[in-house]
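Below are the chains, spelled out letter by letter.
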2 protein chains.
Amino acid sequence: MKHLLQTIKIEVNKKTYLKDPESSDLGKRIVEHSILMIHEIGFEAFTFKKLGIRIGSNESSIYRYFENKHKLLLYLTSWYWGWLEYQLVFATNSISDPKERLQKAIEIITKPVVLDTSFSHINEVLLNNIIINEYSKSYLTKEVDTENKEGYFEIYKRMVLRISEMIEHIDQDYPFPVSLSSTVLEGTLHQYFLAQHFPSLTDCNKQISPTEYFTHLVFNSLKPNTNG
Amino acid sequence: MKHLLQTIKIEVNKKTYLKDPESSDLGKRIVEHSILMIHEIGFEAFTFKKLGIRIGSNESSIYRYFENKHKLLLYLTSWYWGWLEYQLVFATNSISDPKERLQKAIEIITKPVVLDTSFSHINEVLLNNIIINEYSKSYLTKEVDTENKEGYFEIYKRMVLRISEMIEHIDQDYPFPVSLSSTVLEGTLHQYFLAQHFPSLTDCNKQISPTEYFTHLVFNSLKPNTNG
DNA sequence: TAAGATATGATAGTAATACTATTATATTTG
DNA sequence: CAAATATAATAGTATTACTATCATATCTTA
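The structure contained in this document is the topic of the report that follows. (Residues numbered from 1 in each chain as written. Chains lettered and ligands numbered in written order. Predicted model: local features only at pLDDT ≥ 70, side-chain atom pairs only at ≥ 80, totals over all residues. Heavy atoms only, no water.)

1. Let's talk about the protein's contact with DNA strand D
Turning to step 1, where the next piece is worked out: Inspection of the region around DNA strand D gives 18 residues, with Glu59(A), Asn68(A), Ser57(B), Arg64(B) and Tyr65(B) positioned closest.
Turning to step 2, where the next piece is worked out: Side-chain polar atom of Glu59(A) to a base nitrogen of DNA strand D: 3.5 Å apart, as the coordinates give it.
Turning to step 3, where the next piece is worked out: Within the side chain of Tyr65(B), one N or O atom sits 2.9 Å away from a phosphate oxygen of DNA strand D.
Turning to step 4, where the next piece is worked out: Within the residue set of the surface near DNA strand D, elements represented by two or more residues are helix 4 (59-63) of chain A together with helix 4 (59-63) of chain B. (Near = heavy atom within 4 Å. Polar contact = N/O pair within 3.5 Å; in protein donor to acceptor, adjacent residues only side chain to side chain. Helix = DSSP H or I, 4+ residues; strand = E, 2+ residues; numbered from the N terminus.)

Okay, here's the thing in structure tokens:
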């Protein structure tokens, strides 16, 4: 099982990179340190020049892996959703009871991320923080429709659809399964952001977890409502 | 009443501007055309230089009103939330029944924005679209904590708290009133964004309104649940 | 092991951005 | 009419986001 995990490779849209960063040492260091740097100084202040200095490499070499920092962000975010999707499928696959399965899915999506040693050059905890603080910027652009057509958001969309299918499976009459699913995915990021920067705008804190909030939210929307 | 509305001025944090844009013709043209331009080319591509050319004025003159385009975005977003808060208070003020009041509040927040002729230099429909597409960028920054302390997000926070108080008023035992409130506010923007760019990730469309979705979501979370 | 291919590094250069500073010219007000 | 204020014009700077070219190091394989 451990061995199986170690041979897994998260597949992201090949258009996000010019050269697969997993294929070389330099590529892995680019990914590793871009996560550290974006976490430290934010996506706006992050540049390939600064990254080059940090990893003792050259700006021009980084450009051989990624067209620009936007594409790098698309790579990182796709990787993250691919990784989370793997956790989701792995954890819910064997659960036959629809409610239990959805409950587990919500748990996987909403619980705090912990380090996964299977991918040594990627710090999933920091990457999750980048997703919380920067993910919206990957799609709140004028190019979103083109990039959507080119498949840059496929994994995320698959995630939303997976959850919405689980919702439909429990209550076929519920009129908003996809909206509820996208609300949970996006809302989770938002509640974590609020907990960090606007604690007065969320009930989520050390006592109350996003998992509790969203579990309550989802199961009270669905019928037959046996939750409570 | 019409007259009353016309004398209303939406108060935004004075730190967002160097000189009040409402105090002069040039100021109003800056605001008016910044809304048009950001809507057209997006916040990233928008610059003071381009705006200057468009309004037949000079880059340096615009800098006398706003420190930079980030502050201008803070001005526009604060104005928008101030305007929406006014709609909210005006519409819910006289309703004494807690459920009816919350229902009306959700309606105000979630329904499509229509032009308000009280503010002739501001196109609220386009501004709403800017909020949908750009609002997150005003707080997803490394400076968010400082700017929060300086009061740049006060109006938005007040909105979230108003709704959460209405929720608490209906169900004092509901454990997540603030999270539910912030989910409705943020989620509304997100559902409109999805409807525009990722229609497969939302149920909201011409047949199903965000109002229906969020009304269902909120009232099913609360007890006594007499909704359905 | 030499020849060629490929990866990386170093340097230079460009257009645009996000400003700041200074000076000039209108316009308004007292 | 003079002084104050608002706006415009011009120039200049550091940084960003690249592109292009050439040099060098390393790896492959015949």
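2. Topic: the pattern of salt bridges
All names here are of chain A.
Turning to step 1, where the next piece is worked out: In total, this model carries 22 salt bridges over all chains according to the counting rule given.
Turning to step 2, where the next piece is worked out: Measuring nitrogen to oxygen at the nearest pair gives 2.6 Å for the salt bridge that ties aspartate 20 to lysine 9. Of the two residues, aspartate 20 sits in the loop between helix 1 (2-6) and helix 2 (25-45) while lysine 9 sits in the loop between helix 1 and helix 2, which places them 11 residues apart along the sequence.
Turning to step 3, where the next piece is worked out: A residue is classified by how much of its surface remains accessible, and lysine 9, at 39% relative accessible area, is partly exposed. (Salt bridge = Lys/Arg side-chain N within 4 Å of Asp/Glu carboxyl O. Buried < 20%, exposed > 50% of the residue type's maximum accessible area, 1.4 Å probe, protein only.)

3. A look at the relation of the copies chain A and chain B
Turning to step 1, where the next piece is worked out: Each copy superposes on the other: chain A lies on chain B with an RMSD of 0.0 Å after a rotation of 180° and an axial shift of 0.0 Å. Taken together, the rotation angle and the small translation identify this as a two-fold axis. For chain A, the smallest separation between a C-alpha atom and the rotation axis is recorded for Asn220(A), amounting to 2.9 Å.
Turning to step 2, where the next piece is worked out: Mapped onto chain B, 100% of the interface residues of chain A again fall at the interface, so both copies present the same surface. (Least-squares fit on C-alpha atoms with pLDDT ≥ 70 in both. Contact = heavy atoms within 4.5 Å.)

4. Some points on the nonpolar core
Turning to step 1, where the next piece is worked out: Ranked by size, the top nonpolar core spans 148 residues in total, and within it Trp81(A), Leu102(A), Trp81(B) and Leu102(B) carry the most contacts.
Turning to step 2, where the next piece is worked out: Once you skip the residues sitting within four places of it in the chain, Trp81(B) turns out to touch Ile131(B), Tyr135(B), Ile155(B), Tyr156(B), Met159(B), Leu185(B) and Leu189(B). (Core = buried A, V, L, I, M, F, W, Y, C linked by side-chain atoms within 4.5 Å.)

5. Observations regarding the interface of chain A and chain B
Turning to step 1, where the next piece is worked out: Counting from both sides, the interface comprises 48 residues of chain A and, opposite them, 49 residues of chain B.
Turning to step 2, where the next piece is worked out: By the criterion of area lost to chain B, the three top residues of chain A are Leu140(A), Phe176(A) and Leu201(A), representing 16% of everything that side buries.
Turning to step 3, where the next piece is worked out: Where chain A meets chain B, there are zero salt bridges.
Turning to step 4, where the next piece is worked out: For the pair chain A and chain B, the interface holds 29 residue pairs in polar contact (both at pLDDT 80 or more).
Turning to step 5, where the next piece is worked out: Listing elements by their share of the side of chain A that touches chain B, those giving two or more residues are helix 2, helix 7 (124-139), helix 8 (144-149), helix 9 (154-170), helix 10 (177-197) and helix 11 (210-221) of chain A.
Turning to step 6, where the next piece is worked out: Counting residues per element, the side of chain A that touches chain B draws most heavily on helix 10 of chain A, which supplies 12 residues.
Turning to step 7, where the next piece is worked out: Of the residues in the side of chain A that touches chain B, the class split is 23 nonpolar, 16 polar and nine charged. (Buried area = accessible area lost by both parts, 1.4 Å probe. Nonpolar A, V, L, I, M, F, W, Y, C, P; charged D, E, K, R; others polar.)

6. What about the protein's contact with DNA strand C?
Turning to step 1, where the next piece is worked out: Taken together, 17 residues lie around DNA strand C, and Ser57(A), Arg64(A), Tyr65(A), Glu59(B) and Asn68(B) are the ones closest in.
Turning to step 2, where the next piece is worked out: Of all atoms in DNA strand C that approach within 4 Å of the protein, 56% are sugar or phosphate atoms.
Turning to step 3, where the next piece is worked out: Between DNA strand C and Ser60(A) there is a distance of 3.4 Å, counted from a base nitrogen to a side-chain nitrogen or oxygen.
Turning to step 4, where the next piece is worked out: A distance of 3.1 Å separates a sugar or linking oxygen of DNA strand C from a polar atom in the side chain of Tyr63(B).
Turning to step 5, where the next piece is worked out: Looking at the surface near DNA strand C, the elements with two or more residues in it are helix 4 of chain A together with helix 4 of chain B.
Turning to step 6, where the next piece is worked out: Of the residues in the surface near DNA strand C, the class split is three nonpolar, eight polar and six charged.

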